[in-house]
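A look at the structure
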Amino acid sequence: MTAIRGAAAITGAASGIGRALAIELGNRGCDLALADRDEAGLKTLAAEIGAARKVSVHRVDVSEPGDIAEFARDAIAAHPALGIVINNAGVALMGSFEEIDQAQMEWLFDINFWGVVHGTRAFLPYLNTLAEAHIVNVSSIFGIIAPPGQSAYAAAKFAVRGFSESVRHELAVAGSPVRLSVVHPGGVATAIARNSRTGVGVTDNARRAQSIERFENAAKTSPNDAALRIIKGIEKNQPRILIGNDARFMDILQRFRPGTYWAPLQRKLEKMSKGTAK
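Below or above, wherever it landed, is the structure these notes cover. (Residues numbered from 1 in each chain as written. Predicted model: local features only at pLDDT ≥ 70, side-chain atom pairs only at ≥ 80, totals over all residues. Heavy atoms only, no water.)

1. A short note on the packing of helix 5 (residues 114-127) against helix 6 (residues 151-173)
At a minimum axis distance of 10 Å, the contact between helix 5 and helix 6 shows a crossing angle of 25°. In this view, helix 5 runs roughly parallel relative to helix 6, as classed from their interaxial angle. Contacts between helix 5 and helix 6 involve V116, V117, T120 and L124 on the former and, on the latter, V160, F163 and L171. When grouped by side-chain class, the residues that make up the contact of helix 5 with helix 6 number six nonpolar, one polar and no charged. (Axes fitted to C-alpha atoms, helices over the stretch in contact; angles between N-to-C directions. Helix = DSSP H or I, 4+ residues; strand = E, 2+ residues; numbered from the N terminus. Parallel < 35°, antiparallel > 145°, perpendicular 65-115°, else oblique. Contact = heavy atoms within 4.5 Å. Nonpolar A, V, L, I, M, F, W, Y, C, P; charged D, E, K, R; others polar.)

2. Side note on the environment of F71
Relative to the helices and strands, F71 is located in helix 3 (residues 65-78). Along the sequence, F71 and A152 sit 81 residues apart, while their C-alpha atoms lie 27 Å from each other. Beyond its immediate stretch of four places on either side in the chain, F71 contacts A9, I10, T11, A33, A35, H58, V60 and F123.

3. Considering the environment of W114
Along the chain, the position of W114 falls in helix 5. Taking the relative accessible area as the measure of exposure, W114 reaches 38% and is therefore partly exposed. As for W114 and S96, which are separated by 18 residues in sequence, their C-alpha atoms are 22 Å apart. (Buried < 20%, exposed > 50% of the residue type's maximum accessible area, 1.4 Å probe, protein only.)

4. Let's talk about the side chain of Q104
Structurally, Q104 is set in helix 4 (residues 102-112). The residues contacting Q104, other than those within four sequence positions of it, are L93, E99, T198, G199 and V200.

Shape descriptors only; they carry no functional weight alone.
In structure tokens, the structure reads:
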């Protein structure tokens, strides 16, 4: 059992799940080191949390290893009791493999995968000196299933899953006080789809609008509910945290049909996007 106390560091904290986590952890008595590229969003969030908690804000581009290393140093200096690190920052890229170029794929990997790796590396030596600590790496349900049109995103989120599971096993073998959870959210009502980049080969703006609409119709879990589920997973030291009934359904389906899940899943998703799924 990991206690929710001391301080937590969160990347991607200015919006979405990261923002909800900051508020909920603050409500539970955590001081906070909040990181994002959106400085204005961080300052607004810090003001909302108020003076009851010590909050430090850090402009961080998680695609830059130097930014993450500096964030870790500054966060630990500001919050010596820091015992929870949540590598949450992420972006989306719309388009099939043939519609995205190498530079775009590398941009996404630098944030969604390498940001998690560098964040883990930057904080782990300090966390290992504590009596107990917890790392949370946010993957996706697309780290368990891989739909068409998500080749870059799924590849990065599968990589987050594999990296996190291996490091978790290494920590256990070493007798480390650090626990590690990997999070697989289903559809969460954030702005990630609207803020996504589009592949250089995508010329159909109507398809982008349709994809955003389908995501928003299917995204049934609120950021606050996602945050509560993650916090419960931290408290219970759960190695894998699935968020939403959609994520649980997809996880079960791919277990039974690991090579052929897409056809039935596509039918299910089409019903969900139209609001007719039962």
